[in-house]
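# Structural overview
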Amino acid sequence: MRLEANSRSQALAESISVLFMAAIVAAANGLHLVFILFPELGALSSDVLLRPHGKWAKEPLKLVATPVITATIGVLISTRLAYGVLAILTAMGAGIAVLFLLKSAVAPAISAGVLPVVLRISSWLYPLCILGTLTALAGVLLIWRATHSGKSLSLNIGADRKAVDVLESRPTGKWWLPSLVLFVTVVGTLAEVTGWKFILVPPLIVMAYEMLGHPNTCPWAKQPYTFPLICFGAALAGVAAVSSLGVTPIAAGLVLVATYAMLRLLRLRMPPALAIGLIPFILPTHTVVYAYSVGIGTVCLTAWFVFFRRFIVPIG
């Protein structure tokens, strides 16, 4: 009975996440502010609504403040440095430093700081919009947590228990940071040379941070050959939805529903995939090149992670 009730609550939480993001798209269109469409908001809303008693949800101030700070730093870097590996590494390093200084586990904040570098965002409306949308999310979370379903929802059972622990902990080991820097340098160089910027799509850095920092327990690290399919599928769904329906609430809802379906089919919890599906909503052009770029980047991460596990931190 408890598992059945928990499943219903999870489905309801996912539905609220879809409706919330649809409302955000409607607000962005109504206010003519594309920056309201903060892609990582999809990942953050999913996580805190599915885990209303998790660490992120219990610290709403950090949930709001961490991405706002990294986004502000990202805009500053974007106005000072040209797009390239140096700028990406600077934004990533600043994001990780903010996480450690604030003792925050909100890893998607790293992506919030890298995105302005990749898209050349120089407007201070970007962090201000993130502040507004995350404040709205915190309000929805407080209401949801007070409901019967929100109070009873728990992912601390079964296969999800380790996933919850991992997503709320810092990276461990001494090799994760140099391995992350090397990965970002190599793949970032590939993206810069080819002109396919999204080979190093910002949420991919969050995935690498989680996988290399928790190589033995990270939820999607357990299936390194599978998660590229989900990321490519989410990216393709995003491109197809925007190309067919435009930047509309219905399109955003369909992308999230499709991504949730893929994650459930493969029994994975991977919030960054939701952000990957939403990035086409803020791109000036919507072509399949974005999906191909994501596919290449995730395959590169899979290959690097397999090498990392085998030769750098092998399991005894």
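Procedures and definitions
Residues numbered from 1 in each chain as written. Predicted model: local features only at pLDDT ≥ 70, side-chain atom pairs only at ≥ 80, totals over all residues. Heavy atoms only, no water. Helix = DSSP H or I, 4+ residues; strand = E, 2+ residues; numbered from the N terminus. Contact = heavy atoms within 4.5 Å. Core = buried A, V, L, I, M, F, W, Y, C linked by side-chain atoms within 4.5 Å. Buried < 20%, exposed > 50% of the residue type's maximum accessible area, 1.4 Å probe, protein only. Patch = residues over 30% accessible without salt bridge, like charges linked within 9 Å, V, L, I, M, F, W, Y side chains within 5 Å. Areas by Shrake-Rupley, 256 points an atom, 1.4 Å probe, with all protein chains shown as cover. Salt bridge = Lys/Arg side-chain N within 4 Å of Asp/Glu carboxyl O. Phe/Tyr/Trp six-rings, centres within 6.5 Å; stacked < 30°, edge-to-face > 60°. 1 Å grid on protein atoms, 1.4 Å probe; cavity = no way out; pocket = protein on both sides within 12 Å on 5 of 7 lines; lining within 4 Å. Points joined across faces, edges and corners; volume = space filled by probe spheres on them. Nonpolar A, V, L, I, M, F, W, Y, C, P; charged D, E, K, R; others polar. Axes fitted to C-alpha atoms, helices over the stretch in contact; angles between N-to-C directions. Parallel < 35°, antiparallel > 145°, perpendicular 65-115°, else oblique. Left-handed = near helix turned anticlockwise from the far one by under 90°.

### Examining the environment of Ile16
Relative to the assigned elements, Ile16 resides in helix H1 (residues 2-31). The spacing of Ile16 and Arg80 is 64 residues in sequence and 39 Å in space, taken between C-alpha atoms. Non-local contacts of Ile16, meaning those with residues more than four positions away in its chain, are made with Leu49, Val140 and Trp144.

### Comments concerning the nonpolar core
In terms of nonpolar packing, the biggest core is built from 51 residues, with Ile110, Leu180, Phe183, Leu200 and Tyr290 touching the most fellow members. By residue number, the principal contributor to this core is helix H11 (residues 202-213), which donates eight residues. Ignoring any residue separated from it by four or fewer positions in sequence, one finds Tyr290 in contact with Phe198, Val201, Ala235, Val239, Ile276, Ile279, Pro280 and Leu283. One finds Ala71, Ala112, Leu115 and Ile121 within the second-largest nonpolar core, a separate group that totals 48 residues.

### A word on a nonpolar patch on the surface
A grouping of Leu190, Trp196, Leu236, Val288, Val289, Tyr292 and Ile296 is seen on the molecular surface, where their side chains present a nonpolar patch of about 520 Å² in accessible area. Considering each element in turn, the nonpolar patch owes the most residues, three residues, to helix H15 (residues 289-312). Turning to its location among the elements, Leu236 is positioned in helix H12 (residues 227-245). On the accessibility criterion, Leu236 (34% relative accessible area) is partly exposed.

### Points about the packing of aromatic side chains
According to the stated counting rule, one finds seven aromatic pairs in the structure shown. Judged by centre distance (5.6 Å) and plane angle (90°), the rings of Trp176 and Tyr209 are edge-to-face. Of this pair, Trp176 sits in helix H10 (residues 176-194) while Tyr209 sits in helix H11, placing them 33 residues apart in sequence. Each of the two residues, Trp176 as well as Tyr209, counts as buried. Judged by centre distance (5.3 Å) and plane angle (20°), the rings of Trp304 and Phe307 are stacked.

### Notes on the layout of surface pockets
In this structure, the second largest pocket occupies an estimated 330 Å³ of space. Looking at the second largest pocket, it is lined by 21 residues, and the ones nearest its centre are Leu119, Phe198, Leu283, Pro284 and Thr285. Breaking the lining of the second largest pocket down by element, the ones donating at least two residues are helix H6 (108-119) and H15. The element contributing the most residues to the lining of the second largest pocket is H15, with three residues. Here the residues of the lining of the second largest pocket sort into 15 nonpolar, five polar and one charged.

### Here's the deal with the environment of Val114
Inspection of the secondary structure assignment puts Val114 in helix H6. Val114 gets classed as buried once you look at its relative accessible area, which sits at 0%. Note: C-alpha distance between Val114 and Leu19 (95 residues apart in sequence) is 27 Å. Contact partners of Val114, with chain neighbours within four places excluded, come to Ile88, Ala91, Met92, Pro202 and Ile205.

### Regarding the pattern of salt bridges
All told, the structure shown has three salt bridges when counted by the stated rule. Where Glu14 meets Arg264, a salt bridge forms, and the shortest distance between an N and an O atom there is 3.2 Å. Taken together, the residues Glu14 in helix H1 and Arg264 in helix H13 (residues 249-265) connect sequence positions 250 residues apart. Judged by relative accessible area, Glu14 falls into the buried class, the value being 12%. Take Arg264: its relative accessible area is 40%, and that puts it in the partly exposed class. Between Arg51 and Asp47 there is a salt bridge whose closest N-O contact spans 2.4 Å. The residues Arg51 and Asp47 share a single accessibility class, namely buried.

### A closer look at the packing of H10 against H15
Orientation of H10 relative to H15, taken along the N-to-C sense of each, is 150°, at an axis distance of 11 Å. Here H15 runs roughly antiparallel to H10, going by the angle between their axes. The chirality of how H10 crosses H15 is right-handed. Contacts from Trp176, Ser179, Leu182, Phe183, Val187 and Leu190 of H10 reach H15 at Ile296, Gly297, Cys300, Leu301, Trp304, Phe308 and Ile312. Residues that form the contact of H10 with H15 fall into these classes: 11 nonpolar, two polar and no charged.

Honestly, that's just the spatial picture; any functional story needs more than this.
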